[in-house]
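Structure at a glance
The primary structure of each chain is shown beneath.
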Amino acid sequence: MIDTAFLITSFVTLFVIIDPIGLMPVFLALTQGMTSKQRRAIAIRASITGIGILAVFALFGESVLGFIGISMPAFRVAGGILLFLTALDMLFERRTARRQHQGDEIAPEDDPSVFPMAIPLIAGPGSIATVILLTGQHPGIEGFASVMAIVVAVIALMLGMFSISGALERLLGPVGINVATRLLGMLLAALSVQFVLDGLSAFGFAS
């Protein structure tokens, strides 16, 4: 029987790691200029993809990475590099410039639902490591079901926060969105560097 303390601790841990509150303005910046329908579709795809990835790692844990010879520190470094590329796009408004020539249609390469929303912002090294740890504390189908129920609950809260992102955009206006996008780009760049440093530290290359 899964105790209540484990469920509460798991929820708080995953909520902090996934950080739905922090992802809301990032989602707003990544979907700048899109319609409510487009944003809703992107949010749903990102959520389903993130849940699926976390479910795989909750089931198979480190054996998934170990099978193909990838360590968690290496995964963290790779996620940091990919996130840094997105931060550059936000800083120099490359995504906005591309959308001005695309109208209402979103090009596949400009759809942020899988990258960077699902990977690595939702299902990143931190959340992957967390589900591996939590399911390891309670092996078996009951532990897996409990952890995945908590993952779904956290991501459902995230979807609710994403649903009000349009109102936030109208409140800030074009200038406010531009400023927020640049600031979030800086924060994402710093976060990506931290990912890389954490990975290198695990390898013994940095303190």
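Attention here is on the structure that accompanies the text. For clarity, every value in this text was computed on a predicted model and none was experimentally measured. (Residues numbered from 1 in each chain as written. Predicted model: local features only at pLDDT ≥ 70, side-chain atom pairs only at ≥ 80, totals over all residues. Heavy atoms only, no water.)

1. As for the overall build of the protein
On a plain count of helices and strands, the protein comes out with 10 helices and zero strands. Mapped in sequence order, the helices and strands of the protein form the string α-α-α-α-α-α-α-α-α-α. Taking all 207 residues of the protein together, the buried fraction comes to 43%. For the protein, the proportion of contacts with a sequence separation of at least 24, taken over those separated by at least 6, is 86%. With an accessible surface of roughly 10,500 Å², the protein has 71% of that area assigned to carbon and sulfur atoms. (Helix = DSSP H or I, 4+ residues; strand = E, 2+ residues; numbered from the N terminus. Buried < 20%, exposed > 50% of the residue type's maximum accessible area, 1.4 Å probe, protein only. Contact = heavy atoms within 4.5 Å. Areas by Shrake-Rupley, 256 points an atom, 1.4 Å probe, with all protein chains shown as cover.)

2. A look at the nonpolar core
If you look at the biggest cluster of nonpolar residues, it comprises 46 residues, and the most contacted ones within it are Leu121, Val131, Val151 and Phe162. Looking at this core, the elements with two or more residues in it are α1 (4–18), α2 (20–30), α3 (36–60), α5 (72–91), α7 (113–122), α8 (125–137), α9 (141–162) and α10 (165–203). The leading source of residues in this core is α9, at 10 residues. (Core = buried A, V, L, I, M, F, W, Y, C linked by side-chain atoms within 4.5 Å.)

3. A look at α2
With respect to burial, α2 is a largely interior element, eight of its 11 residues being buried. Residues of α2 that are buried include every one of Pro20, Leu23, Met24, Val26, Phe27, Leu28, Ala29 and Leu30, and no others.

4. Some remarks on the pattern of salt bridges
Considering all chains together, one arrives at one salt bridge under this definition. Close ionic contact of Asp111 with Arg45 constitutes a salt bridge, the shortest N to O distance being 2.7 Å. One end of the pair, Asp111, is in the loop between α6 (94–99) and α7; the other, Arg45, is in helix α3, and 66 residues separate them in sequence. Classification of Arg45 by relative accessible area gives partly exposed; the value is 36%. (Salt bridge = Lys/Arg side-chain N within 4 Å of Asp/Glu carboxyl O.)

5. Brief notes about the side chain of Ser10
Take Ser10: it is sitting in helix α1. Non-local contacts of Ser10, meaning those with residues more than four positions away in its chain, are made with Leu134 and Ile150.

6. A closer look at the layout of surface pockets
Looking at the largest pocket, its volume works out to about 360 Å³. Around the largest pocket sit 19 residues that line it, and Ile17, Ile18, Asp19, Leu121 and Leu191 are the ones nearest its centre. Listing elements by their share of the lining of the largest pocket, those giving two or more residues are α1, α2, α7, α8 and α10. Here the lining of the largest pocket takes five residues from α10, the largest share from any one element. Taken together, the residues of the lining of the largest pocket break down into 14 nonpolar, four polar and one charged. Its boundaries defined by the atoms lining it, the second largest pocket holds a volume of some 240 Å³. Taken together, 15 residues form the lining of the second largest pocket, with Ser36, Arg39, Arg40, Phe162 and Ser163 sitting closest to its centre. Listed by contribution, the elements that provide at least two residues to the lining of the second largest pocket are α3, α9 and α10. Broken down by element, the residue count for the lining of the second largest pocket peaks at five residues, all from α3. (1 Å grid on protein atoms, 1.4 Å probe; cavity = no way out; pocket = protein on both sides within 12 Å on 5 of 7 lines; lining within 4 Å. Points joined across faces, edges and corners; volume = space filled by probe spheres on them. Nonpolar A, V, L, I, M, F, W, Y, C, P; charged D, E, K, R; others polar.)

7. A word on the packing of α3 against α7
Taken N-terminus to C-terminus, the directions of α3 and α7 make an angle of 45 degrees; their axes are 9 Å apart at the nearest point. When the axes of α3 and α7 are compared, the pair comes out oblique. Handedness of the crossing formed by α3 with α7: right-handed. Contact residues: α3 offers Ile42, Arg45, Ala46, Ser47, Thr49, Gly50 and Ile53, while α7 offers Ser113, Val114, Met117, Ala118, Ile119 and Ile122. Looking at the contact of α3 with α7 residue by residue, the classes come out as eight nonpolar, four polar and one charged. (Axes fitted to C-alpha atoms, helices over the stretch in contact; angles between N-to-C directions. Parallel < 35°, antiparallel > 145°, perpendicular 65-115°, else oblique. Left-handed = near helix turned anticlockwise from the far one by under 90°.)

8. What about the packing of aromatic side chains?
In total, this model carries three aromatic pairs according to the counting rule given. An angle of 10 degrees between the planes, with centres 4.2 Å apart, marks the rings of Phe27 and Phe162 as stacked. One end of the pair, Phe27, is in helix α2; the other, Phe162, is in helix α9, with 135 residues separating them in the sequence. For the pair formed by Phe27 and Phe162, the shared burial category is buried. (Phe/Tyr/Trp six-rings, centres within 6.5 Å; stacked < 30°, edge-to-face > 60°.)

Just geometry here; none of it tells us what the structure is for.
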